[in-house]
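Structure assessment
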Amino acid sequence: MKMPTSFTVVPVEDGAKSSRDDADDNNVLREEDEDGPGDGNPKESSPFINNTENDKGTLYDGKNMALFEEEMDSNPMVSSLLSKLANYTNLTQGVREHEEADDDEGAKKKAVKSPQMGTFIGVYLPCLQNILGVILFLRMTWIVGTAGILESFIIVAMCCSCTMLTAISMSAIATNGVVPAGGSYYMISRSLGPEFGGAVGLCFYLGTTFAGAMYILGTIEILLTYIVPNAAIFKVEEKELEAEAMLNNMRVYGTACLTLMSLVVFVGVKYVNKLALVFLACVVLSILAIYAGVIKTIFEPPDFPICLLGNRSLQKHDFDKCLKTEIIDNITVTTKLWSLFCDGPSLNASCNEYFRENEVTEVQGIPGLMSGVISENMWSTYGAAGMLVEKINFPSKPATNTSQDMYMPYVSNDIATFFTLLVGIYFPSVTGIMAGSNRSGDLRDAQKSIPIGTILAIATTTFIYLSCVVLFGACIEGTVLRDKFGDSVKGNLVIGTLSWPSPWVIVIGSFFSCCGAGLQSLTGAPRLLQAIARDGIVPFLEVFGHGKANGEPTWALLLTGLICETGILIASLDAVAPILSMFFLMCYLFVNLACALQTLLRTPNWRPRFKFYHWALSFLGMSLCLALMFISSWYYALVAMLIAGCIYKYIEYRGAEKEWGDGIRGISLNAARYALMRLEEAPPHTKNWRPQLLVLLNLDSEMCVKHPRLLSFTTQLKAGKGLTIVGSVLEGTYLTKETESKKAETNIKSSMSAEKTKGFCHVVVSSNLRDGFSHLIQSAGLGGMKHNCVLMAWPGMWKQANDAQCWRNFIETVRETTAAHQALLVAKNVDSFPTNQDRLGEGTIDVWWIVHDGGMLMLLPFLLRQHKVWRKCKMRIFTVAQMDDNSIQMKKDLQMFLYHLRLDAEVEVVEMHDSDISAFTYEKTLVMEQRSQMLKQMQLSRTEREREAQLIHDRNTASHAAMNSDLTPDRVHMTWTKEKFFTERNRNREPNTNMAVRDLFNMRPEWESLNQSNVRRMHTAVKLNEVVVNKSQGAHLVLLNMPGPPKNRGGDENYMEFLEVLLEGLNRVLLVRGGGREVITIYS
């Protein structure tokens, strides 16, 4: 048993009179008409947190709640919140707000009347009026006669089940909070997101517009066929041309009627609203007249005889008596019927064969409920266009020549008939279920009235339709039912022949009903388009959001009229009905989808007051909608889906970014969570390995990206595939740097957008940069979507930096990526890398494969060459052979390895023979160690540090000047140039290597005290740099194994020197350090 939630209001006394006690009533309700253009987010949260516009200057001066006084500016008191909620209202969704335009440009706001409509007036009757309409009066009898009672029952049951299930879903959505202007469009867009909302909203708009065309065509059909047939402009004598002439009449009169109705809507929609009751009365009276007529047939069937020739039904326009001949004054004379089938009125005139062989019979068109005709009308009689309407199981003698039948006054099918066509024609008669939800602002209690009113209206109309199917089949002769335009009953409306007291009740009633429905379509459709345009999700529709000074959607009405005109030019009610069926079915499909998604996702905000829904019912409704679309017309269904798909993609590509808390986002989150959980189960196989990048960016003082080309390179390497996280670190605490952090994130996202880098941005605020980058390397990403590769720029100014922390951070980052088993890419001279707009010509990407790193060096050029910037570049792979290596065999093996890897590249093996360590290397090492010593001693203040550095610099300068007086002053550090060391090396080549080294030490005694490990490393860097520069100085990009940092942190600054020497003289370089796993495989 549910316990009711109880509230206790505790009075708190306060001596001081708070200025909040008397809330300014003028500020309680803010008109929402003043939204800026394109603001699609209605201010539904206006009374809630962070809304301080209404309370500016209202200070809290009480004592009881002093503990919370600092939060009053952002979090209102509950009493204030409740008072605002009590006064919160939603403007009318109809057109009332447009009629009540403000007099003084909004200075004097009219008091919004509290909604008063109940369920019956506000929901039930509007739905009833919208559902019952033109198809019931003009096509229902024909559908029953053609499909038979059983199949008609199935058609009606399917369509009504579809709308009932949709109404259940719609009721759940409509009672899950306030539904502002836009009705069904608002419900779908806020549940499924702007893309689906826009697509379905426009489909619903097109459906409503074509519905207007259908109602106008129905109006003109009633006018020209049943009220004033003589008003037709196009008249023909030949029977075969009658259909085309009728279509032309429909086009002319339909266009005139559309123009007149559009003018009425433009001048003043209040007249349409005032006439709504009249139109509703017409519908109700017509329905009552039908039931009264059915009851009357039990006692006294109406006299509407039809004339049959054999078993063929005849058009009863040009003759009165159903006789071939009659006796007048004992003389046998021919009738008018004879003249229609024979050459002349004489008894021996040449007559049509079928006319001659068969007798004329007169039967009652409305035999009545008790006649048993129901058994004859139980089964379907589909046929091709031009097929004659014949009475089943009635005797006739077939004619051998039927070529002249089309010119005879027989009743025939004007179109080919089949089950699926009838579904498409019938479905519009069950639409209109949204009428209640569109008026939610007029209702006293919308969350109670909408479900009850809509479902009751559908239940009522379902009963009416199903009973009509049975009653029509039980009361009316089958040949009359299949006679679409009532030709066999002297051009009377077939349903009118059944009604009581007169056929004119139905004719006039249906005429006004169609007029009213057409006017309401032309009133509602422009407002729906205006709601979509004002949401700003479809940029090219923004012009339709504007209108007259009072908000009347003039431009939207104009577009609606033009689209409606296309439907009128089609001119056939039977051709237009399936088109609008598609659009309405599409709309209903997405209403069901929205409800099902929200139910399955169980979003916290999904709390409908209407409890009688289930996701299975919504899915059943959705499936039924989809099935009906393809049953009605598979090609129309595909076109409707294509239109919706194009609108969806357009909004996704060009539309404004909207966050409406929609269900599609919920699906994305659930799918992402599921995928992440699956990804974490096992590491990716080598075949699936691709660089998932963490890009470490440096920012300048303005929080702008220092090296945007790093993002360009990321785009070229990734091409939008896989994961990219762009990270940066700000020094400080988050509380003090929050604003800078947000600004940095915005700037980085802007740079990513400019460089077309697809990925995520992550800015961390940390007490120092080193820890910040460490946190990023450790924690960026989520679950299985973590980076496996770090990309950063080479710290080009590390020598000039006053603070050694710059290069120390760099080395620590290298160490941490190694410890985390992540690959590292370091781009040197990154500002010279190509932009995304550049197209590099013929050139090479050179790979220097010194040590095996898991295949990273092989994979990266392949990925780069997928991008159009690098596409024309060729790949060259260089590897280094030592003294003991067979370079020829190495080249063959490497070529075979690349063949198995399916990589196209030139292969070259570079031989590096052991050689003496040159004087140039010793001198470079000496300068490096002196600088290192100097930096270690600089633990003083900045001023003292600079003075100490200057003294050491001067001492070194004096020493070098004494030994090398011939050197110019600007070369004081570089005692040995490359040219000198080549000469010295050749001169000092002696059998006794030790003697050569001793001679070198004699030249510079300081060299003997150097760390021999550093000397060897410098030797490698110098030698390797010579070879790389020699081979690859003209390459577009050089990829090189990155040596690891020393295990002993004391040699960190020397490590930077080694790398600097290694990269000297090269323009674009990418240092690559593998992550400790194979990333490329020869297997499929």
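The structure contained in this document is the topic of the report that follows. Small disclaimer: the values here were computed from a predicted structure and weren't measured.

Here's the deal with the pattern of salt bridges
This model, assessed by the stated rule, comprises 17 salt bridges. With a closest N to O distance of 3.3 Å, Lys 391 and Glu 376 form a salt bridge. One end of the pair, Lys 391, is in the loop between β5 (360–364) and α12 (419–426); the other, Glu 376, is in the loop between β5 and α12, with 15 residues separating them in the sequence. On the basis of relative accessible area, Lys 391 is assigned to the buried category, the value being 10%. For Glu 376, a relative accessible area of 32% corresponds to the partly exposed category.

Things to note about the sheet that holds β5
Taken in spatial order, the three strands line up as β2-β1-β5 in an open sheet, and their pairing is antiparallel. Either end of the sheet is taken by a strand with one partner, and the two such strands are β2 (312–313) and β5. Two elements, strand β1 (residues 305–309) and β2, share two bridges in a ladder whose sense is antiparallel. Bridge pairing in β2 places Leu 308 opposite Ser 313.

Some thoughts on the pairing of strand β11 (residues 843–849)
The buried fraction of β11 amounts to seven of the seven residues, a majority that puts the element mostly inside the structure. Burial along β11 is two-sided: Gly 843, Ile 845, Val 847 and Trp 849 facing one way and Thr 844, Asp 846 and Trp 848 facing the other are all buried. With seven bridges connecting them, β11 and strand β12 (residues 873–881) associate as parallel partners. Along β12, the bridge assignment pairs Asp 846 with Arg 876. Relative to strand β14 (residues 1037–1041), β11 is paired through four bridges, and the arrangement is parallel. Paired with Trp 848 across the two strands is Leu 1040, which belongs to β14.

Focus: a negative patch on the surface
On the surface, Glu 237, Glu 238, Glu 240 and Glu 242 cluster together to form a negatively charged patch. Following the sequence through the fold, Glu 240 ends up in the loop between α7 (184–227) and α8 (242–267). On the accessibility criterion, Glu 240 (36% relative accessible area) is partly exposed.

Section: the packing of helix α6 (residues 140–174) against helix α18 (residues 573–601)
Running from N to C, α6 and α18 point in directions that differ by 35 degrees, and their axes come no closer than 8 Å. For α6 against α18, the interelement crossing comes out left-handed. Facing α6, whose interface residues are Trp 142, Cys 162, Thr 163, Leu 165, Thr 166, Ser 169, Met 170, Ala 172 and Ile 173, α18 presents Asp 574, Leu 585, Tyr 588, Val 591, Asn 592, Ala 594 and Cys 595. When its residues are assigned to classes, the contact of α6 with α18 shows 11 nonpolar, four polar and one charged.

Basis of the calculations
Residues numbered from 1 in each chain as written. Predicted model: local features only at pLDDT ≥ 70, side-chain atom pairs only at ≥ 80, totals over all residues. Heavy atoms only, no water. Salt bridge = Lys/Arg side-chain N within 4 Å of Asp/Glu carboxyl O. Helix = DSSP H or I, 4+ residues; strand = E, 2+ residues; numbered from the N terminus. Buried < 20%, exposed > 50% of the residue type's maximum accessible area, 1.4 Å probe, protein only. Pairing = 2+ DSSP bridges. Patch = residues over 30% accessible without salt bridge, like charges linked within 9 Å, V, L, I, M, F, W, Y side chains within 5 Å. Areas by Shrake-Rupley, 256 points an atom, 1.4 Å probe, with all protein chains shown as cover. Lys, Arg positive; Asp, Glu negative; His and termini not counted. Charge placed at Lys NZ, Arg CZ, Asp CG, Glu CD. Axes fitted to C-alpha atoms, helices over the stretch in contact; angles between N-to-C directions. Left-handed = near helix turned anticlockwise from the far one by under 90°. Contact = heavy atoms within 4.5 Å. Nonpolar A, V, L, I, M, F, W, Y, C, P; charged D, E, K, R; others polar.

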